[in-house]
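# Close look at the chain arrangement
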Amino acid sequence: MLNQFIWWGGIVLEVLLLIRGIRGKLAFQYPVFYAYISFVLLQSLLRLATYHWNSPAYSYVYWVTEFLGVAIGCAVVFEIYRVGLSAYPGTARVARNLLFFVFVMAIAKTFVDVSNDPRWRPAATTMDLERILRIEQAFAIVALIALFLVYSIPFGRNLRGILLGYGMFIAMSVIWLTFGASSGDTFRHYWSYVQPPSYFMTLGVWVAHLWSYRASPEPKTTVLLEQQYQRVAAATTRRLQDARGYLGRAVRP
Amino acid sequence: MIGIYAALMISFLLVVLLLCVWRGKAQAAQQLPPKSELTPREEGGEPEACPPEIVSRIFSGDDWHFVEGVRSSLVKKLFCRERKAVALIWVQETSAGIRRVMREHLESARRSHDLEIASEAKIFLQYAQLQFACGVLFACIELVGPQRLRGFAIYTDALARRIADAQLTLRAVSVHHEIHGADSP
């Protein structure tokens, strides 16, 4: 009964999110994210319909939609990067290289694993593949958040909501995909109580943060936009060297 | 395949970072001082909270020798406590100064078009080394006190030299053995 309530509640929240997104023009600011939400909504309805009217095809529909969801999820990560760092070209460059590195590593790792495993069968490794992709998304989000925090990049309320909700969803997915396949029924039993409320919570975070459009805070500084990086780096290096000398002078034998 | 521990670790890290975001750490971090205060100063020595001669005095043993001459345990105790507090504050202020330099750098660098990852990594490494040095200095002051720190540094320096000498000797001996070993049938 509770699960039914959470499931239908989730559908209602997704619809609400879409309505608010269109009315508040947020869907134009974050088109990929809203495409993702639309996809999740349609996916839930499609799965339900398949389950009721064509249950033999359910497994096929499930995995196809699951992988489409993962692919659009990767695009959501890139949208967070694009919107969050639009005013910071230098940091965006670092993030771009970092994300590129993470995704290349993911593809290389998958390729190596598949070519090294003689027992490789698509059906048996579908969950593993999704797990690897979700873990790589987790790496990408961790790298992005670390960059945001290190460079003190301010988030707007909307972007923070997307990041929080999607990050939470990815963390839960990684845990489920890691233990779901290898652990016994006990884990699955307990997880069936944890997973629906956690997704409900994710949707709650999105609805709360994306209720209306809030512009991302503009950086307070504008003067240094044209400042050459080499000059900044050289000045910082010199200041750090001075600090080292200053520290050393105090206790030098 | 990516191991269970690696997967758990990345999930845990992600949750911790999300908590940081949720608590508004990033929002707080954006409250940086106005631009005029952030322009990197061309003249060095910015983290110097007090003149070097005073700093040198804090760590020198001269005052301690004077206090020892007074032959009062109360004065000695008071001096040690006060001097240690001053030295610790100095280390903290220096560390804060270094943090400020780094923060100002990040503030400037994040908007630069031609930001270089290698230079950023080098600067970050330098920063980490300095913060580590401050941490070691802090711990040493806590352990041996500022007056004995210079003596401790002299001792460490001598010890390092002795180890280096011993290594050289050992290497020379092993080279000698290798040459003679190669000669023997």
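Here, the structure is the one placed above.
These numbers were taken from a predicted model, which means no experiment stands behind them. (Residues numbered from 1 in each chain as written. Chains lettered and ligands numbered in written order. Predicted model: local features only at pLDDT ≥ 70, side-chain atom pairs only at ≥ 80, totals over all residues. Heavy atoms only, no water.)

## Topic: the overall build of chain A
A count of helices and strands for chain A gives nine helices and zero strands. Listing every helix and strand of chain A by position from the N terminus yields α-α-α-α-α-α-α-α-α. In terms of principal-axis extent, the alpha carbons of chain A reach across some 80 × 50 × 30 Å. By residue count, 47% of the 253 residues in chain A fall in the buried class. The long-range share in chain A, meaning contacts at least 24 apart out of those at least 6 apart in sequence, stands at 77%. When the accessible surface of chain A is split by element, carbon and sulfur atoms take 67% of a total near 12,700 Å². (Helix = DSSP H or I, 4+ residues; strand = E, 2+ residues; numbered from the N terminus. Buried < 20%, exposed > 50% of the residue type's maximum accessible area, 1.4 Å probe, protein only. Contact = heavy atoms within 4.5 Å. Areas by Shrake-Rupley, 256 points an atom, 1.4 Å probe, with all protein chains shown as cover.)

## Focus: the overall build of chain B
Scanning chain B for helices and strands turns up eight helices and zero strands. For chain B, the sequential pattern of α-helices and β-strands runs α-α-α-α-α-α-α-α. Per-residue burial over chain B gives 35% buried out of 185 residues. Only carbon and sulfur atoms are counted for the fraction: they give 64% of the accessible area of chain B, which is about 11,500 Å².

## Comments concerning the packing of helix α3 (residues 31–53) of chain A against helix α4 (residues 58–84) of chain A
Helix packing geometry: the angle between the two helix axes and the distance between the axes. All names here are of chain A. Packing of α3 against α4 brings their axes to within 9 Å, and their N-to-C directions diverge by 170°. Compared by their axis directions, α3 and α4 come out roughly antiparallel. Of the residues in the contact of α3 with α4, the class split is 14 nonpolar, five polar and four charged. (Axes fitted to C-alpha atoms, helices over the stretch in contact; angles between N-to-C directions. Parallel < 35°, antiparallel > 145°, perpendicular 65-115°, else oblique. Nonpolar A, V, L, I, M, F, W, Y, C, P; charged D, E, K, R; others polar.)

## Describing the side chain of Thr236 of chain A
Structurally, Thr236 of chain A can be placed in helix α9 (residues 229–251). With a relative accessible area of 1%, Thr236 of chain A lands in the buried category. Those residues in contact with Thr236 of chain A, other than ones at most four positions away along the chain, are Val101, His105 and Ile123 of chain B.

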